[in-house]
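Below are the chains, spelled out letter by letter.
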Amino acid sequence: MNNCIFCKIASREIPSEVIAENEYFFAIKDISPLYKIHLLIIAKAHIATVSDIPADEMEHFSAAFDLAKKIAQKLDVVASGYRLTVNNGSDAGQEVPHFHMHFLAGEPLRKL
Ligand code: 5GP
Ligand code: ZN
C-alpha cells in the first residue's frame, strides 16, 4: 500500500488535477487515455479489487456510480453515452491494484 501510486495521488503526495470527488471517490484523467474522454474514478481508500471490498463498506461503492453520473452530466455525455469498466486481477489486465473505475466517452467505443 505504501508504494501504491493511487494512494499517493489520493493523499496528494503526488499532485493531480481532480475533476470531481465525493466522500469515497475522486476522478482524474488517465495518464494514457484510450479515448477522447478517459477518466479514472478512484477509491480514496486502498482496496485492491471488487473481491476485496469489505461487506460493511460495500454500500460506499454506490458513490462510484454517483460520481460517474455527475461526471457524465458535467462533461455532457449523458445523451451520447459512456462506458464504466473495472478490471480485477491479471486476466482482466489490472495494472494498478487499487480499485478504480474507468470512465470512457467522447467518441464511439469499440464494442465489448
Ligand atoms: P488498470 O489496467 O489497472 O485497470 O488501469 C490503470 C490505469 O491507470 C491505466 O489506464 C493507466 O494508464 C493509468 N495510470 C497508471 N499510472 C497512472 C498515474 O500515475 N496517473 C494517472 N493519471 N493514471 C495512471
Ligand atoms: Zn492504494
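Everything here concerns the structure above.
Residues numbered from 1 in each chain as written. Chains lettered and ligands numbered in written order. Predicted model: local features only at pLDDT ≥ 70, side-chain atom pairs only at ≥ 80, totals over all residues. Heavy atoms only, no water.

S.K.: Teacher, can you tell me more about helix 2 (residues 62-74) here?
M.R.: The periodicity of an α-helix, 3.6 residues per turn, causes residues three or four positions apart to be oriented the same way. Across its 13 residues, helix 2 extends 19 Å between first and last C-alpha, which sits within 8% of the 18 Å expected from 1.5 Å per residue. Along helix 2, the residues classified as buried are A63, A64, L67, A68, I71 and A72. For helix 2, the secondary structure elements touched by its buried residues are strand 1 (20-21), strand 2 (25-29), strand 3 (37-43), strand 4 (82-85) and strand 5 (100-105). At the C-terminal side of helix 2, D76 shows a positive phi close to 60°. (Helix = DSSP H or I, 4+ residues; strand = E, 2+ residues; numbered from the N terminus. Expected span 1.5 Å × (residues − 1). Buried < 20%, exposed > 50% of the residue type's maximum accessible area, 1.4 Å probe, protein only. Contact = heavy atoms within 4.5 Å.)

S.K.: It is not clear to me how the site of ligand 1 should be interpreted in this structure. Could you clarify?
M.R.: Among the 16 residues in the neighbourhood of ligand 1, the closest are listed as K29, D30, E95, H100 and H102. Taking I31, its main chain carries an N or O atom lying 3.3 Å from a nitrogen atom of ligand 1. Within the contact set of ligand 1, an oxygen atom lies 3.1 Å away from a backbone nitrogen or oxygen of G93. A total of 520 Å² of accessible area belongs to ligand 1 in isolation, and the protein chains cover 84% of it. Those elements that place two or more of their residues in the shell around ligand 1 are helix 1 (5-10), strand 2 and strand 5. The greatest single-element share of the shell around ligand 1, amounting to three residues, is contributed by helix 1. Classifying every residue of the shell around ligand 1 gives seven nonpolar, six polar and three charged. (Near = heavy atom within 4 Å. Polar contact = N/O pair within 3.5 Å; in protein donor to acceptor, adjacent residues only side chain to side chain. Areas by Shrake-Rupley, 256 points an atom, 1.4 Å probe, with all protein chains shown as cover. Nonpolar A, V, L, I, M, F, W, Y, C, P; charged D, E, K, R; others polar.)

It is worth stressing that arrangement in space is one thing and function is another; only the former is reported here.
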